Amino acid sequence: MPLTQPLTSRSFWHLPVNASLHGPAVDHHLLLNLWIALALLGLAHLLLFASLIRRRSVLHQTPQLFSEYLPLVAITLLFIFLGVRAEQLWAAQRYTGADLSAMQVEVTGVQFAWYFRYPGHDAHFGLTNLSLADAAAGNPLGLDPRDPYAADDIVSSQLVLPAGREVDLALRSTDVIHGFAVPALRLKQNAMPGETAHIHFTPTIPGDYAILCTQVCGSGHYRMNATLRVLPLDQFNAWLAQQDAAQQGVRP
């Protein structure tokens, strides 16, 4: 069943639709930065015009304390406040672990595609071997058939998630650095070769959202994109059962 594409934000800054639980806090901080920057821009021009007028009318020099030191201290404190606030938002996603009940999904970037792996009924990811990777044969991640945990793993080129449930993504790369980004969910995290990075979030609005690669990863970088489909819980369970049945039909 096709999903209606959510509308974009109607705010003054025309931000993309916000479809994640942590998104409002990120948007609020972003908008705070934009409004402060706009205010500082206006204030700078007002001070410039005021100084020009004052210089023509009065040959009086403003004390250095008011003209230099106080503005410098105020801007420094402002930047410290914004920096600490941004660090807290970053830490909530990166340094605070996901809930133990969070859904586990593995994301793998390869030149030039994204693959998404679900652990299946056993709730364990099977072993992979890059020497076994063969996209044309239906095994793009190199699942090891000798590992029983790999027998029910589901691999998809589309990331499908249930609305309202926390998700813990494990990001990997098999070749170069790829940038996993979903603007509508306010997500961005690099996938590094030889490392596994985690990022957790809760999608809230059903719909289809673009997944991009934000790191130049080679000549095919422009086409490295995928789709995130957020479904109501019952539709997600039906999709998962369908994928499981199809996969069991392919593998002995």
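Structure: above.
Described in the following lines is the structure provided in the data block.

**What about the overall build of the protein chain?**
- For the protein chain, the count of helices and strands is 3 helices and 10 strands.
- For the protein chain, the sequential pattern of α-helices and β-strands runs α-α-β-β-β-β-β-β-β-β-β-β-α.
- Residues counted as buried form 34% of the 252 residues belonging to the protein chain.
- For the protein chain, long-range pairs separated by at least 24 residues make up 69% of all intrachain contacts whose partners lie at least 6 apart in sequence.
- Within the structure as shown, the protein chain displays about 15100 Å² of accessible surface, and the carbon and sulfur contribution to it stands at 64%.

**Observations concerning the side chain of aspartate 208**
- Here aspartate 208 is to be found in strand β9 (residues 207-213).
- By relative accessible area, which is 18% here, aspartate 208 ends up buried.
- Polar side-chain contacts of aspartate 208 include one of 2.7 Å to the side chain of arginine 229.

**What about the packing of aromatic side chains?**
- All chains considered together, the criterion is met by 3 aromatic pairs.
- Ring centres 5.4 Å apart and planes at 85° place the aromatic pair tryptophan 114 and phenylalanine 180 in the edge-to-face group. Separated by 66 residues along the polypeptide, tryptophan 114 in strand β2 (residues 113-118) and phenylalanine 180 in strand β6 (residues 178-182) bring together distant segments of the chain. Pair check on accessibility: tryptophan 114 and phenylalanine 180 agree, each one buried.
- In this structure an aromatic cluster arises from ring pairing among Tyr118, Phe236 and Trp239.

**Some points on a nonpolar patch on the surface**
- On the surface, a cluster of nonpolar side chains totalling about 350 Å² of accessible area is made up of Val73, Leu77, Ile80 and Val84.
- Looking at where valine 73 falls in the secondary structure, it is placed in helix α2 (residues 64-94).
- Taking the relative accessible area as the measure of exposure, valine 73 reaches 46% and is therefore partly exposed.

**A short note on the nonpolar core**
- In terms of nonpolar packing, the biggest core is built from 35 residues, with Phe116 and Phe180 touching the most fellow members.
- The element best represented in this core is strand β10 (residues 226-231), accounting for 4 residues.
- Filtering out sequence-adjacent residues up to four positions away, phenylalanine 116 remains in contact with Val105, Glu106, Val107, Ile154, Val155, Ser156, Ser157, Gln158, Leu159, Phe180, Ile211 and Ala226.

**With respect to the sheet that holds β2**
- In space, the 5 strands of this open sheet follow the order β3-β2-β1-β5-β8, with mixed pairing throughout. Since the sheet does not close on itself, it has two edges, and those belong to β3 (154-156) and β8 (197-201), each with one partner. Taking the axes of each pair of neighbouring strands and ignoring which way they run, one obtains an average angle of 25° across the sheet.
- In the sheet, β2 pairs with β3 via 3 bridges, with the strands oriented antiparallel. Note that in β3 the partner of phenylalanine 116 across the bridge is serine 156.

**Considerations on the environment of alanine 113**
- One can find alanine 113 in strand β2.
- Alanine 113 gets classed as partly exposed once you look at its relative accessible area, which sits at 22%.
- In contact with alanine 113, not counting residues within four places along its chain, are Thr108 and Met224.

**With respect to the sheet that holds β10**
- One open sheet accounts for 5 strands, arranged β4-β10-β9-β6-β7; its pairing is mixed. Every other strand in the sheet has two partners, leaving β4 (159-162) and β7 (187-191) as the edge strands with one partner each. Between one strand and the next, the sheet's axes are offset by a mean angle of 20°, whatever the strand orientation.
- Where β9 lies against β10, 5 bridges are found, and the strand directions are antiparallel. Along β10, the bridge assignment pairs tyrosine 209 with leucine 228.

**Overview of the pairing of β10**
- Burial analysis of β10 places 5 of its 6 residues in the buried class, the great majority of the element.
- Where β4 meets β10, 4 bridges bridge the pair, whose relative direction is parallel. Paired with leucine 161 across the two strands is valine 230, which belongs to β10.

**Points about the pattern of salt bridges**
- Enumeration over the complete set of coordinates arrives at 6 salt bridges.
- A salt bridge links arginine 146 to aspartate 144; its shortest N-O distance comes to 3.1 Å.
- Since its relative accessible area comes to 11%, aspartate 144 is described here as buried.
- One continuous salt-bridge network, built from bridges that share partners, spans Glu106, Arg117, Asp153 and Arg172.

About the thresholds
- Residues take numbers from 1 onward in each chain, read along the sequence in its written order.
- Whole-chain, interface and lining totals are the exception, using all residues; otherwise, since this is a predicted model, local features are given only for residues with pLDDT of at least 70 and side-chain atom pairs are given and counted only at 80 or more.
- The basis for every side-chain value is the complete set of non-hydrogen atoms in the structure, without hydrogens or water.
- Secondary structure is summarised from DSSP: a helix means a run of H or I of at least four residues, a strand means a run of E of at least two, and numbering begins at the N terminus for each.
- Partly exposed residues are those whose accessible area sits between 20% and 50% of the maximum for their type, while under 20% is buried and over 50% is exposed, using a 1.4 Å probe and protein chains only.
- Any pair of residues with heavy atoms lying within 4.5 Å of one another is described as a contacting pair.
- Areas reported as accessible are Shrake-Rupley estimates using a 1.4 Å probe. Residue values count occlusion only from the protein chains shown.
- By the criterion applied in these results, polar contacts are pairs of N or O atoms within 3.5 Å in which, for protein atoms, one can donate a hydrogen and the other can accept it, and in which residues neighboring in sequence qualify only through two side-chain atoms.
- Two rings belonging to Phe, Tyr or Trp (six-membered ring only in the last case) form a pair when the distance between their centres is within 6.5 Å. Interplanar angles under 30 degrees mark stacking, angles over 60 mark edge-to-face geometry, and anything in between is tilted.
- To count toward a patch, a residue needs a relative accessible area over 30% and no salt bridge; like charges are then connected within 9 Å, while nonpolar side chains (Val, Leu, Ile, Met, Phe, Trp, Tyr) are connected within 5 Å.
- For salt bridges, the criterion is a side-chain nitrogen of Lys or Arg within 4 Å of an Asp or Glu carboxyl oxygen.
- Side-chain atoms within 4.5 Å link the members of a nonpolar core, which is a set of buried Ala, Val, Leu, Ile, Met, Phe, Trp, Tyr and Cys residues.
- For two strands to pair, DSSP has to find at least two bridges joining them.
- Only the contacting stretch of a helix is used when fitting its axis, a line to C-alpha atoms as for every element, and angles between N-to-C directions run 0 to 180 degrees.

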